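Structural features, examined
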Amino acid sequence: ERGPGGAEAAAEDAEPAEQDSPDQCLSLLPWDRFSAWLHCVCVVGFDLELGQAVEVIYPPHSKLTDKEKTNICYLSFPDSNSGCLGDTQFCFRFRRSPGRKVSLCCFLDQLDRDLPVYLKKDSAYYYGYVYFRQVRDKSLKRGYFQKSLVLISKLPYVHLFRTMLKQIAPEYFEKSEAFLEAVCSDIDRWPPPVPGKVLQLPIMGVIMKLRIPTYRDKPGTTPIVQNMHQADAQISMTLPTVHEVDLFRCFCPVFFHIQMLWELVLLGEPLVVMAPSPAESSETVLALVSCISPLKYCSDFRPYFTIHDSEFKEYTTRTQAPPSVILGVTNPFFAKTLQHWPHIIRIGDIKLPGEVPKQVKVKKLKNLKTLDSKPGVYTSYKPYLNKDEEIVKQLQKGVQQKRPTEAQSVILRRYFLELTESFIIPLERYVASLMPLQKCISPWKSPPQLRPFSQDDFMKTLEKAGPQLTSGLKGDWIGLYRHFLKSPNFDGWFRSRQKEMTQKLEALHLEALCNENLVFWCQKHTEVETVDLVLKLKNKLLQADREHLPVKTDTLKKLQTHINDIILALPDDLQDILLKTGT
């Protein structure tokens, strides 16, 4: 079923034909395009007898388990103590129930390949993007209208979904169901989320223009989306980013400690953010996770976490050390439950940039057993690196000169990027040296293995090729690396590097095979050996396709030609058999 014609017409005008071309498979089934962006849209209301309840799930065929619905219910409303009157936007993240297959899996995996590592989706989790409204209403028994419109998605595109909710939620609260249907119908006409392309996404008469980054983009750069001339009267808005949060606003309450927080996130230390509302807790957690970009934060993080969360017991138990996770909480109950956690960030209300100086003068509070309400960082952690006074001065100067918060965020983002790159370049350089030389690759032997990672060998490289080449920061870099090598972030980073390099070796092996005269080889060997070679080559082609090996299309065509030539040189009966066992 389609929504009102107006929405459809808008979509047709907004969507240039070429956006369809690479992805025809997405127009196979209704709702496939919708599913590429969202899992579903939920409306959560407050029932006097049931409490929070999912009132609507759209499209109606969307599947959510009871556990997922319960998580969505509790995470879609602020804690009662937050006192969020009016409209509030925030986001949460929760575990998917295992064992569900996605019809678009292979297609979405293909898109995922081109994303930078920190934007790749984690199939074990969903994000919930919330627009919550609480207003006085005397006609209701409770005296308040309380409702949340929630977008459930696997995509971490915080800014895109936030902008979209701002656009549709206020109107939804006025118009309800039919409007929601029309919104979903619009989304089902969007082009797929292809990284690197300028996409035009129509939503209720407005066109959002954006570009999803690719792994080829230079870190720290945001290609500008040009404002294209709209022939018709449609309003268009250009999104400068799909995923970034306002970094400076988030770190403002604790910006004297940004370098220490960067270390804690890099090392995957257990961190809890205590904030007055879900908006502040979720933005701060997302800012923390993004501060080590382009590295991917590999542990769990919960932008907004409540006592009703299905992982509450697992994450607050005192029988074992706190897990490597970043939690954003608002309920004062957590001050008691999580006081054994080693690092706690307490933030007050995030104020407008003009009021910053009062907020930032926070004394570092160490070894406090009980938490009072003063903002600050509560930890006994001693940073490995010396403090960079320069960045603090630069940001303070920006506050005094009333520099826009966007500009402050750019400075902060660049600072974190340079710090992370200085840290990761020596690791990249060492891991690249584990790759066997090209001359070791023989077409007649299995591809060689990567040499194992040796912590001692890596540490020896730091003396001449360490972070001092790109960073002026002094301190115990060696200690920081030792700690990092035990962390989930190193494990995740190294696994992805290993996979890339192994695939590169497989691709080089394929190229070596292609450059051989295979027909000549077959003339010197028995039929059994020739048939064995044909089957191995066919398997290589299958592997290249299945694992998306970085091989040129010409190489694959050449290999297919070799296979055909070898088969044609065999007796007819064997030809028939081998041609039937197609790739």
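In case you missed it, the structure is sitting above this.
Let me begin by describing the structure that accompanies this report. These numbers come from a predicted model, not from an experiment. (Residues numbered from 1 in each chain as written. Predicted model: local features only at pLDDT ≥ 70, side-chain atom pairs only at ≥ 80, totals over all residues. Heavy atoms only, no water.)

**Examining the packing of aromatic side chains**
Put simply, the test is: When two rings of Phe, Tyr or Trp (its six-membered ring) have centres within 6.5 Å they constitute a pair, described as stacked for plane angles under 30 degrees, edge-to-face for angles over 60, and tilted for the intermediate range. Labels follow the DSSP assignment, with helices taken as runs of H or I lasting at least four residues and strands as runs of E lasting at least two, numbered in each case from the N terminus. Relative accessibility under 20% of the residue-type maximum defines a buried residue, over 50% an exposed one, and the middle range a partly exposed one, all with a 1.4 Å probe and only protein chains included.
This model, assessed by the stated rule, comprises 36 aromatic pairs. Ring centres 4.3 Å apart and planes at 10° place the aromatic pair Phe423 and Tyr481 in the stacked group. Placement of Phe423 in helix H14 (residues 405–432) and of Tyr481 in helix H16 (residues 477–484) is noted, with a sequence separation of 58 residues between them. Judged on exposure class, the residue Phe423 and its partner Tyr481 are both buried. Plain terms: the ring middles of Phe490 and Trp493 are 6.1 Å apart, the flat faces sit at 40° to each other, and that makes the pair tilted.

**Observations regarding the nonpolar core**
Quick reminder of the rule: For this analysis, a nonpolar core means a set of buried residues of the types Ala, Val, Leu, Ile, Met, Phe, Trp, Tyr and Cys, connected via side-chain atoms within 4.5 Å. Segmentation of the chain into domains, including their bounds, is taken from an automatic or database domain assignment. We call two residues contacting when some pair of their heavy atoms lies within 4.5 Å.
Counting residues in hydrophobic clusters, the biggest one holds 112 residues, and the most contacted among them are Trp37, Phe251 and Leu427. At 10 residues, H14 tops the list of elements feeding residues into this core. For this core, the domains that each give at least three residues are domain 1 (32–191) and domain 2 (246–494). For Leu427, the contacting residues outside a window of four places in its chain are Phe453, Phe458, Tyr481, Phe484, Leu485, Phe490 and Trp493.

**A few points about the sheet that holds strand E6 (residues 198–203)**
Going by this rule: Being paired, for any two strands, means DSSP has found at least two bridges between them. Comment: axis = line fitted to C-alpha atoms, over the contacting stretch for helices; angle = value between 0 and 180 degrees taken between N-to-C directions.
Reading across from one edge, E6-E7-E8 is the order of the three strands in this open sheet, with mixed pairing throughout. Both edges of this open sheet fall to E6 and strand E8 (235–238), since each of them pairs with a single strand only. With strand direction ignored, the average angle separating the axes of adjacent strands in the sheet is 25°. Sheet strands touched by helix H5 (residues 158–175): E6, strand E7 (206–211) and E8. Its angle to E7, the strand with the most contacts, is close to 175°.

**Details of the sheet that holds strand E11 (residues 325–329)**
Judged by pairing direction, the sheet is mixed, and its five strands sit side by side in the order E10-E11-E9-E12-E13 without closing on themselves. Only two strands of the sheet have a single partner each, and these edge strands are strand E10 (300–302) and strand E13 (376–379). The average undirected angle you get between the axes of adjacent strands in this sheet is 15°. Across four bridges, strand E9 (residues 271–274) lies against strand E12 (residues 343–346) in parallel orientation. From the neighbouring strand, Leu271 faces E12, where its bridge partner is His343.

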